[in-house]
Amino acid sequence: MARVYNFGAGPAVLPEEVLLEAQRELLDYQGCGMSVMEMSHRGKEYSTIHDEALANVRNLLDVPEDYDVLFLQGGASAQFAMVALNLLTPGSVADYINSGAWASKAIKEAKVRGQVNVIADTSKDVPTRLPALHDLKFTPGAAYVHITSNETIAGTQWKVFPKTEAPLVADMSSDFLSRPIDVRSFGLIYAGAQKNLGPAGCAVVIIRKDLLERCPPDVPIFFRYKTHAAEKSLYNTPPTFTIYIIMLVTRWLLAQGGVKAIAERNRQKAAKLYAAIDASGGFYRGTAVPQDRSDMNVTWRLPSEELEEKFVKEAAARGLKGLKGHRSVGGIRASIYNAFPPAGVDALIEFMREFQAKNG
Ligand SMILES: *Cc1c(COP(=O)(O)O)cnc(C)c1O
């Protein structure tokens, strides 16, 4: 059986070692005679898994004591709503930076609940880009400032985060654990698991503990961060198998040397691919401005849509899958998250050269 190079944006590639370990333990988890999928979420075996997953995330990002780490359901999209429900209190305003499709969705959801001030909007810019830090004018007394650390579709990524007086809330769905961050400069971080952390079915949230208290009383109990923080994300049945895989992925990350080491590997993979795009004499054109280029989702165009279609098809025939850009923007997108092997980037670059020689 041959595994392909999976450039899909999400759900995305997982470390092969993790899949093999899950396979070995599938029928009989460590001698308990059942699968992780079949066991009680209150039992001793699952508790150990759950605690290690939480501890690994803390360990990888050096999460300070006054922050809680939560595993919640509903993916990142549920967080668009939960952030506003918990923090956009009556009479307050939240600042949002609209950097693309995902930020737009977060804004749309927050507007259902309260007052939103879009303080910068680059969502329609071509080439894709992020606003300059010195152009940001924050609303005095804002409840929070929301950003999207990596725009998965536009292929842009904040290299330096804005410094804000209000709590900074970041959607890190597509670059969580891909590089070191200073958790203290954020009030809340959230990420859907299926891009860079594990399978679908879970979002991780890192929240400063004082923010747990902001939730207005009209918010249903289930949608309060405080409810889940108080129960260590075991208020109700969590997505146990997903959290088990997250535990294995985070253990794998620690074994790779942690986020510092994986960030260096990610940077090298992305730099190689961008260099190949830039060396093509304009046959391949990167869609993001160079200073905002993402290390996770590399996006580019070919001279025509016909050639793009041909590129995606011929690449797939060679085992390079999932290169089609998001349906809303077209083009090519190579998602090269933590678990994506460097050899896959080399194989893609070789294919790009051959394709250009034949079609350029
Ligand atoms: C994929 C993605 C989302 C949506 O994630 P779901 O878990 O499907 O809700 C939100 N934000 C970003 C940046 C994403 O890449």
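Here the structure is shown first, and the text comes after it.
Residues numbered from 1 in each chain as written. Predicted model: local features only at pLDDT ≥ 70, side-chain atom pairs only at ≥ 80, totals over all residues. Heavy atoms only, no water.

(A) Geometry of unusual backbone geometry. Cis geometry marks the peptide bond from G10 to P11; its omega dihedral reads -10°. Within the secondary structure, P11 is located in the loop between β1 (5-6) and α1 (16-24). The omega torsion of the bond from V126 to P127 falls at -5°, within 30 degrees of zero and hence cis. The residue P127 is located in the loop between β4 (115-121) and β5 (145-148) in this model. For Q30, which is not glycine, the phi torsion reads 45° and is therefore positive. Tracing the backbone shows Q30 in the loop between α1 and α2 (44-61). Using a relative accessible area of 58% as the deciding quantity, one classes Q30 as exposed. For D62, which is not a glycine, the phi torsion comes out positive at approximately 55°. Within the fold, D62 resides in the loop between α2 and β2 (67-72). (Helix = DSSP H or I, 4+ residues; strand = E, 2+ residues; numbered from the N terminus. Buried < 20%, exposed > 50% of the residue type's maximum accessible area, 1.4 Å probe, protein only.)

(B) Structural detail: the sheet that holds strand β9 (residues 188-192). On the basis of which strands lie adjacent, the open sheet formed by 7 strands has the order β2-β10-β9-β8-β5-β3-β4 and mixed pairing. If you trace the sheet from one side to the other, it starts and ends with β2 and β4, each paired once. The average undirected angle you get between the axes of adjacent strands in this sheet is 20°. Relative to strand β8 (residues 168-171), β5 runs parallel, the two being bridged by 4 bridges. Looking at the pairing, H146 lines up with V169 of β8. Packing against the sheet, helix α3 (residues 75-87) makes contact with β2, β3 (93-98), β8, β9 and β10 (203-208), and its axis sits at approximately 155° to β9. (Pairing = 2+ DSSP bridges. Axes fitted to C-alpha atoms, helices over the stretch in contact; angles between N-to-C directions. Contact = heavy atoms within 4.5 Å.)

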